[in-house]
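Secondary and tertiary structure notes
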2 protein chains.
Amino acid sequence: MKNNQGLVRRRGRPPAFDRREVLERAAKIFWRRGYEGASIVDLTDAMGITAQSLYAAFGSKAQLYREALDWYRAALGAITPEALDAPDAIAVLSALLRDQARAFTDPAYPPGCMIATAALGCAEENDPVSAMVADLRHASVALVRARLERAIVEGDLRPDADPVALARFVGAVIQGLSVQARDGAGADELVAVAELAAMELARHRA
Amino acid sequence: MKNNQGLVRRRGRPPAFDRREVLERAAKIFWRRGYEGASIVDLTDAMGITAQSLYAAFGSKAQLYREALDWYRAALGAITPEALDAPDAIAVLSALLRDQARAFTDPAYPPGCMIATAALGCAEENDPVSAMVADLRHASVALVRARLERAIVEGDLRPDADPVALARFVGAVIQGLSVQARDGAGADELVAVAELAAMELARHRA
DNA sequence: AATTTATCACAGTGATCGCTACGTAATATC
DNA sequence: GATATTACGTAGCGATCACTGTGATAAATT
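Keep in mind that what you see is a predicted model, and the values were worked out from it rather than measured.

**Considering the domain arrangement of chain A**
Interfaces are often sized by the amount of accessible area the parts lose when they come together. Residues and elements named next belong to chain A. Looking at the assigned domains, one finds that chain A contains domain 1 (19–61) and domain 2 (78–202). Put simply, the middle of domain 1 and the middle of domain 2, counted by C-alpha atoms, are 27 Å apart. It is Trp-31, Tyr-35 and Glu-36 that lose the most area in domain 1 upon contact with domain 2, and together they represent 69% of the buried surface on that side. Inspection of the domain 1/domain 2 interface yields zero salt bridges. On the surface where domain 1 and domain 2 come into contact, there are four residue pairs in polar contact (both at pLDDT 80 or more).

In structure tokens form, the structure reads like this:
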């Protein structure tokens, strides 16, 4: 009906649900409850499909979570190379901090970041899932670090600045913003924090 | 045997374990795995007692977690009014950030903070536990804020500084340090982040 | 029409969840 | 030693976990 837009012709009855839409609904449950805190019943209730359809479409809970993270990164929370590509690294990262402060408190979505504060401490059996999310955090910090290294070359950042520490600093503030958003902080409060962090970045401007 | 040091005489067979010692072992499991990630079997295995003894001594998993948090705050992770009481608020908070960076990476204990990044996103049934830990985070930030307000009165901090935002900023950095410690960061890396945050604090010195 | 695939409702898998009843062993007071 | 009190080990409670089998029906293709 809605899905399978003529790209791949298959025989048999087509799915009655839009795969992307039910994925988004599942992602919001994972976002709010975390991987372990979201049960299959929670997910199927929100998605409006049965467990059989879930497993037929997504394979497993862990695979569904992986796809939910992909959705989040593509739709909302990504720190992409493109987003960091504009001139003036310090302005780019200051805007990033402010944007994240606003995004983490957007009432249209669950509070906080789906990646920055996910799967911190979980049952041993789910350590692989935790490691996967940690890898996404590492990758984001690495992108920020690369952008800061470029900023030194381009003369935005002082040559004696430490891109590794500054990137970790930006990551830490974003993670803290996510914690406080989950604890109920408002947009203005978090933007004020982001601006303090941006001030510290500006201190390293060339 | 080891416990019940003559303080309260009771009839019947005395416990064969030291209550404080098994509580500390339980706390480390909670610390590493979180409230939901630590099962009763995980806990009793680490504590070296049976589930029967656990429930007789601590009442429930939630109550054991509460006592574990008390142990953590008393033994290690507390931001107490006393710790913040020394002169020069900015020096105090800078030292706090550095100390936390070191504590979060102490190989003698699980990585990160037991409170700063605990119970973020959990099953609905455990929302009360999550709220309890969030309250502890709020209380810590409130202590920092009070110390910063005093610093304005005492002339450490510039009168136009924002104690609320600065306290949230300190809290956010600590929370980010805890995330990155859990992700495997080392002491030196986190101390470098703490020092960047301390630099921003210093910018508001009177 | 025949085939294929997806839907649903229902049921149930073994495992684990937090938690507890029961009988016995050990230590107190009397 | 008698008795009361408490802890311990075994075993198991009902509930939920992620996940799957069955079977009938519906909707698409060939």
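And the narrative resumes.
**Side note on the packing of aromatic side chains**
Residue and element names in this part refer to chain A. The tally for this structure, following the rule as stated, stands at 11 aromatic pairs over all chains. For the pair Trp-31 and Tyr-72, a centre-to-centre distance of 4.9 Å together with 75° between the ring planes defines the contact as edge-to-face. Placement of Trp-31 in helix α1 (residues 19–37) and of Tyr-72 in helix α4 (residues 61–77) is noted, with a sequence separation of 41 residues between them. Among the residues examined, Trp-31 registers a relative accessible area of 3% and is labelled buried. Ring-pair connections join several aromatic residues into one group, and the members of that group are Phe-30, Tyr-35 and Tyr-65. Above the plane of the ring of Tyr-35 lies Lys-61, whose end atom (NZ or CZ) is 4.7 Å from the centre.

**With respect to the relation of the copies chain B and chain A**
Superposing the two chain copies requires a rotation about an axis and a translation along that axis. Aligned on chain A, chain B shows an RMSD of 0.1 Å; the corresponding rotation is 180° and the shift along the axis is 0.0 Å. The operation mapping one copy onto its partner corresponds to a two-fold rotation axis. Most of the interface of chain B is mirrored in chain A, where 100% of its interface residues again form contacts.

**Concerning the UniProt feature "DNA-binding region" (unreviewed entry) in chain A**
Look at the UniProt record and you will see "DNA-binding region" (unreviewed entry) annotated at residues 39–58 of chain A. The span residues 39–58 of chain A carries 80% helix and 0% strand; its end-to-end C-alpha distance comes to 15 Å.

**Observations regarding empty space enclosed by the protein**
Counted by the stated rule, this structure contains one cavity of 30 Å³ or more. In this model, the largest cavity occupies a volume close to 370 Å³. Taken together, 37 residues form the lining of the largest cavity, with A:Leu120, A:Gly121, B:Ala119, B:Leu120 and B:Gly121 sitting closest to its centre. Split into classes, the residues belonging to the lining of the largest cavity amount to 19 nonpolar, 12 polar and six charged.

**A word on the interface of chain B and chain A**
Facing the 39 residues of chain B at the interface are 39 residues of chain A. A buried area of about 3300 Å², summed over both sides, lies between chain B and chain A, and 58% of it is on carbon and sulfur atoms. By the criterion of area lost to chain A, the three top residues of chain B are B:Arg33, B:Arg168 and B:Leu196, representing 20% of everything that side buries. The interface formed by chain B and chain A holds six salt bridges in total. Note that A:Asp127 and B:Arg33 form a salt bridge whose closest N and O atoms lie 2.8 Å from each other. Elements represented by at least two residues in the side of chain B that touches chain A include exactly α1 (19–37), α6 (127–154), α7 (163–182) and α8 (187–202) of chain B. Here the side of chain B that touches chain A gets 13 residues from one element, more than from any other, and that element is α7(B). When grouped by side-chain class, the residues that make up the side of chain B that touches chain A number 18 nonpolar, nine polar and 12 charged.

**Focus: the confidence of the model for chain A**
The pLDDT averaged across chain A works out to 92; a share of 93% of its residues lies at or above 70. A low-confidence stretch, residues 1–8 of chain A stays under pLDDT 50, and its non-local contacts, those more than four residues away or across chains, total eight contacts.

**Some words on the state of the cysteines**
In total, this model carries zero disulfides over all chains according to the counting rule given. Residue A:Cys122 stays outside any disulfide, its sulfur separated by 14 Å from that of B:Cys122, the closest cysteine. Here B:Cys113 stays unpaired: no disulfide links it, and the sulfur of B:Cys122, its closest cysteine neighbor, is 17 Å away. Looking at B:Cys113, the relative accessible area reads 6%, which means it is buried.

**A short note on the pattern of salt bridges**
One pass over the full model with this rule turns up 29 salt bridges over all chains. In this structure, B:Glu149 and B:Arg145 form a salt bridge, with 3.6 Å as the shortest nitrogen-oxygen distance. Of this pair, B:Glu149 and B:Arg145 both sit in helix α6, four residues apart, which is roughly one turn of that helix. Take B:Glu149: its relative accessible area is 36%, and that puts it in the partly exposed class. Each of A:Asp85, A:Arg150 and A:Glu154 takes part in one network of salt bridges that share partners.

**Things to note about the UniProt feature "domain: HTH tetR-type" (unreviewed entry) in chain A**
The positions that UniProt labels "domain: HTH tetR-type" (unreviewed entry) are, in the present scheme, residues 16–76 of chain A. Taken end to end, residues 16–76 of chain A has its terminal C-alpha atoms 26 Å apart, with 84% of it in helix and 0% in strand.

**Details of the environment of B:Ala206**
All names here are of chain B. Looking at the secondary structure, you find Ala-206 in the segment after α8. Of the residues examined, Ala-206 reaches a relative accessible area of 60% and is grouped as exposed. Among residues more than four places away in sequence, those in contact with Ala-206 are Gly-155, Asp-156, Leu-157 and Arg-158.

Reading the values: rules and limits
Residues numbered from 1 in each chain as written. Chains lettered and ligands numbered in written order. Predicted model: local features only at pLDDT ≥ 70, side-chain atom pairs only at ≥ 80, totals over all residues. Heavy atoms only, no water. Domains from an automatic or database assignment. Buried area = accessible area lost by both parts, 1.4 Å probe. Salt bridge = Lys/Arg side-chain N within 4 Å of Asp/Glu carboxyl O. Polar contact = N/O pair within 3.5 Å; in protein donor to acceptor, adjacent residues only side chain to side chain. Phe/Tyr/Trp six-rings, centres within 6.5 Å; stacked < 30°, edge-to-face > 60°. Helix = DSSP H or I, 4+ residues; strand = E, 2+ residues; numbered from the N terminus. Buried < 20%, exposed > 50% of the residue type's maximum accessible area, 1.4 Å probe, protein only. Lys NZ or Arg CZ within 6 Å of the ring centre and 35° of its normal. Least-squares fit on C-alpha atoms with pLDDT ≥ 70 in both. Contact = heavy atoms within 4.5 Å. UniProt positions renumbered as here; feature names shortened; annotations may be inferred. 1 Å grid on protein atoms, 1.4 Å probe; cavity = no way out; pocket = protein on both sides within 12 Å on 5 of 7 lines; lining within 4 Å. Points joined across faces, edges and corners; volume = space filled by probe spheres on them. Nonpolar A, V, L, I, M, F, W, Y, C, P; charged D, E, K, R; others polar. pLDDT = per-residue confidence, 0-100. Disulfide = S-S within 2.5 Å.

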